[in-house]
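Remarks on the overall topology
So the chains spell out like this:
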Amino acid sequence: MMHAFIPEEGPMVAVGGRGNNEVEAFKARFAGIALTAGDDGYDEARALWNGWFDKRPALVARCRTTQDVVSVVRFARATGLPLAVRSGGHSLAGLSSCDDGIMLDLSLMRDVVVDAPERIARVQPGATWAGFDAATQVHGLATTGGLISHTGVAGLTLGGGIGWLMRRYGLAADNLTAAEVVTASGDILRTSSTEEPELLWGFRGGGGNFGVVTSFEFRLHPLGPVLGGLMGFPLDRGREVLQRYRTWAAEVGDGFTTLAAVITAPPAPFVPPELVGQKIVGLAGCWCGEVDAGEAALAPLRELRPAFDVFGPMPYVTLQRMLDEGAPPGIRSYTRSGYAADLSDGLIDVALEHGASMPSPFSQLHLHHMGGAVARVGEDDTAFGNRRATYAYNVNSMWTDPSADELHETMNRGFAAALTPLSTGGVYVNFLGNEGDARIRAAYGDAKYERLRRLKRRSDPENLFRLNQNIPPAS
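Presented here is an overview of the structure given in this document. (Residues numbered from 1 in each chain as written. Predicted model: local features only at pLDDT ≥ 70, side-chain atom pairs only at ≥ 80, totals over all residues. Heavy atoms only, no water.)

Observations regarding the overall build of the protein
The helix and strand tally for the protein stands at 15 helices and 19 strands. Relative to its length of 475 residues, the protein is compact, with a C-alpha radius of gyration of 22 Å against a globular reference of 23 Å. Counting only C-alpha atoms and orienting by the principal axes, one finds that the protein spans roughly 70 × 55 × 45 Å. Here the protein holds 475 residues, and the buried ones make up 59% of them. The contacts of the protein with a sequence gap of at least 6 include a subset with a gap of at least 24, amounting to 74%. (Helix = DSSP H or I, 4+ residues; strand = E, 2+ residues; numbered from the N terminus. Rg over C-alpha atoms; globule rule 2.2 N^0.38 Å. Buried < 20%, exposed > 50% of the residue type's maximum accessible area, 1.4 Å probe, protein only. Contact = heavy atoms within 4.5 Å.)

Remarks on the sheet that holds strand E5 (residues 112-115)
Read across the open sheet, the 5 strands follow the order E5-E6-E10-E8-E9; overall the sheet is antiparallel. If you trace the sheet from one side to the other, it starts and ends with E5 and strand E9 (188-192), each paired once. Taking the axes of each pair of neighbouring strands and ignoring which way they run, one obtains an average angle of 15° across the sheet. Relative to strand E6 (residues 120-123), E5 runs antiparallel, the two sharing 4 bridges. Note on E6: the bridge partner recorded for Val113 is Arg122. (Pairing = 2+ DSSP bridges. Axes fitted to C-alpha atoms, helices over the stretch in contact; angles between N-to-C directions.)

Brief notes about the packing of aromatic side chains
The tally for this structure, following the rule as stated, stands at 17 aromatic pairs. A centroid spacing of 6.0 Å and a plane angle of 15° characterise the contact between Phe216 and Phe218, whose relative ring orientation is stacked. Note on accessibility: Phe216 and Phe218 belong to one class, buried. Put simply, the rings of Tyr245, Trp248, Phe256, Trp287 and Phe311 touch in pairs and so form one group of aromatic residues. Here Arg451 stacks its cationic end above the ring of Trp201, 3.7 Å away from the centre of that ring. (Phe/Tyr/Trp six-rings, centres within 6.5 Å; stacked < 30°, edge-to-face > 60°. Lys NZ or Arg CZ within 6 Å of the ring centre and 35° of its normal.)

Describing the side chain of Asp324
Looking at where Asp324 falls in the secondary structure, it is placed in the loop between helix H10 (316-320) and strand E17 (332-340). Here Asp324 sits buried without a salt bridge, and the closest side chain of opposite charge, Arg321, lies 5.9 Å off (N-O distance). Aside from chain neighbours lying at most four places away, what touches Asp324 is Ile148, Ser149 and His150. (Lys, Arg positive; Asp, Glu negative; His and termini not counted. Salt bridge = Lys/Arg side-chain N within 4 Å of Asp/Glu carboxyl O.)

Laid out in structure tokens, this is it:
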């Protein structure tokens, strides 16, 4: 069972002897906070959201400024120590840290500055979507963020950015208009539609392969209260419900972003007692627009008479926190995912059969309805791939007991294998585990992947930024 990503490229320096002396010397002169094993705060700083990964970097460099980032990048380049970049620390594959290398920790850089008249937000890379949304909603503005509020803005955006507003306003990456970046050479660049535009193209879905983004600039949209929430149905009604949902989703307007899921009913007061702890089919969503119009759009699903229905008007920041309790920091997670052209009867049957056997109450299958504004962006306009897929699915096994690792990995692999024949073959890069080069290529398609490799050759020819869903430089 693989618990860590071991890079195959780039120089390595053993920590100990000269390498250890270099770390101590850097630690003494670093303007940020430098931590090594045994220091107060080291274990807290190295912890990741995915508790399956317990990595011990030789150095945790907690940056406060862009110049701190420059110092760390240049130190990594000079020593050859592996370099992992952490913003929110939510990498499903545990790629926000490394063993015996450097964790470049951006979590202290979390300012969000909103220019309300221009509808622009300038955001540091350590910000979470909770901080972003709190700052923008004061002005009645928002852009597409993630589904869990403590996810980092940086990682989600660089991989694409599926979220509750995507069918109305596009992915998070589609709303990225400019960025400041520290390159592999330790230089600071600005990229926009007129400055280094190819680099901005790569940041819109190409992950952390091309540098450390130290400031993001986002386009914002007016957004007041939304109609959002969750409705649930007993699993034995799943086929009927998902078939109706399929028809409804194909016709609903872009104002509604929804997902269908197989989950365990939580012990919440709105859940009927007989369903608590049982596997159910859930339909969750967000309507952007007039509440009355959203209620009318939701009516065909309500005709199914769900066992519970907590859809209603709410602040957007409340919706963004709705799923947080199901993904607490430190939980162990193993994920496999893909795209589907349709919610076919065969896919529904596999989802229900395997979903029923997920052994943890935290484990979930999500079926994200894509389309809308996501599909209207040109296929070559951003690095994000597979824009025309109708659904993105994610089998996310989550559990707390380390002794059950093998059980959950085996179950997840079986579930994913059953879904594979029903998949387009593509995958959303932010949902990837440590699955190898072929799956990374599948996230983009051959032509786009080769364009990314050419950009990598220009921006990071030695592949310093390789602890990610790595795109190697073109030969």
